[in-house]
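Okay, here's what each chain looks like letter by letter:
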Amino acid sequence: MAELVLRLRDREMNRVGIVKTHVTVGRDTTCDLMIDNAAVSRTHAIVSFSEGAYRVRDEESENGITLNGRRVRKAALDYGDVIGIGKFEIELVDSYHEPMQHNAPQAKDETKNVMKTMQVDATTAARLRDEAMARIAAQKGLPAPVPKAPTRAAAAPAPSRAPVQAQTAVHAPSTGKLIGLVLAALIAGVVLTLALTR
């Protein structure tokens, strides 16, 4: 789609798509591309599209228009042409094939996505807590709180002993089995004692 891109000192201010045969440019709020500046007439220029071609026409404005730096009253437009109105520039662009501009909004940085889970160690958590408390105290005009050392509960978790426990469970009998073995040994001892005393 063709668009008119309004810039001031290489900074994009606005853009409008050419979706009808006549696009008005001027200071009036009813203009399709409005430029709020005293050097711009109420209806300063019209960009039109007919018979497969774009054209620009000065609407008898007080300060006139330029096309690629040359003063014109009306002229044919091509993609990349720049209409000058005072200190403003209006470029005709093909948005389907337009390269990304330096001042265009950048893609979102996924590393700054605050909705993702953040993992921090105990020291970092304590520092963040202290900074937040200091900001709140400053906003309320209170003295800054004394930083606290990380508590045991906030300390980094000890290495998991699950593998050791799993190995112990494999080699050591359960409590029920131990009781059974002890009882069996006692019964065997009683039976052996009775047999020997006969």
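Everything numeric in this text was worked out from a predicted model, so none of it was measured. (Residues numbered from 1 in each chain as written. Predicted model: local features only at pLDDT ≥ 70, side-chain atom pairs only at ≥ 80, totals over all residues. Heavy atoms only, no water.)

Focus: the overall build of the chain
Broken down by element type, the chain carries three helices and eleven strands. Tracing the chain from N to C terminus, the helices and strands come up as β-β-β-β-β-β-β-β-β-β-β-α-α-α. The buried share among the 198 residues of the chain stands at 24%. Counted over contacts in the chain with a minimum sequence separation of 6, partners at least 24 positions apart contribute 32%. For the chain, the accessible surface area stands at approximately 15100 Å², while carbon and sulfur atoms represent 58% of it. (Helix = DSSP H or I, 4+ residues; strand = E, 2+ residues; numbered from the N terminus. Buried < 20%, exposed > 50% of the residue type's maximum accessible area, 1.4 Å probe, protein only. Contact = heavy atoms within 4.5 Å. Areas by Shrake-Rupley, 256 points an atom, 1.4 Å probe, with all protein chains shown as cover.)

Details of a nonpolar patch on the surface
A cluster of nonpolar side chains, M1, V19 and Y96, forms an exposed patch at the surface whose accessible area comes to about 380 Å². Checked against the element boundaries, V19 lands in the loop between β2 (11-17) and β3 (22-26). You can call V19 exposed: its relative accessible area is 69%. (Patch = residues over 30% accessible without salt bridge, like charges linked within 9 Å, V, L, I, M, F, W, Y side chains within 5 Å. Salt bridge = Lys/Arg side-chain N within 4 Å of Asp/Glu carboxyl O.)

A few points about the packing of aromatic side chains
Within the structure shown, the criterion is met by two aromatic pairs. Centroid distance F49 to Y54: 4.6 Å. Interplanar angle 45°. Geometry classified as tilted. Residue classification places Y54 among the buried positions, given a relative accessible area of 13%. An angle of 55° between the planes, with centres 6.0 Å apart, marks the rings of Y54 and Y79 as tilted. Of this pair, Y54 sits in strand β6 (residues 53-58) while Y79 sits in the loop between β9 (74-77) and β10 (82-85); the two residues are 25 residues apart in sequence, bridging distant segments of the chain. Classification of Y79 as partly exposed rests on a relative accessible area of 41%. Three or more aromatic residues joined by ring pairs make a cluster, and in this case those are F49, Y54 and Y79. (Phe/Tyr/Trp six-rings, centres within 6.5 Å; stacked < 30°, edge-to-face > 60°.)

Remarks on the sheet that holds strand β5 (residues 45-50)
With respect to topology, five strands assemble into an open sheet ordered β4-β3-β5-β6-β9, the strand pairing being mixed. Unpaired on one side and paired on the other, β4 (33-34) and β9 mark the two borders of the sheet. Bridge count between β6 and β9: four bridges; the pairing is antiparallel. Among the inter-strand pairings, Y54 is bridged to a residue of β9, identified as L77. (Pairing = 2+ DSSP bridges.)

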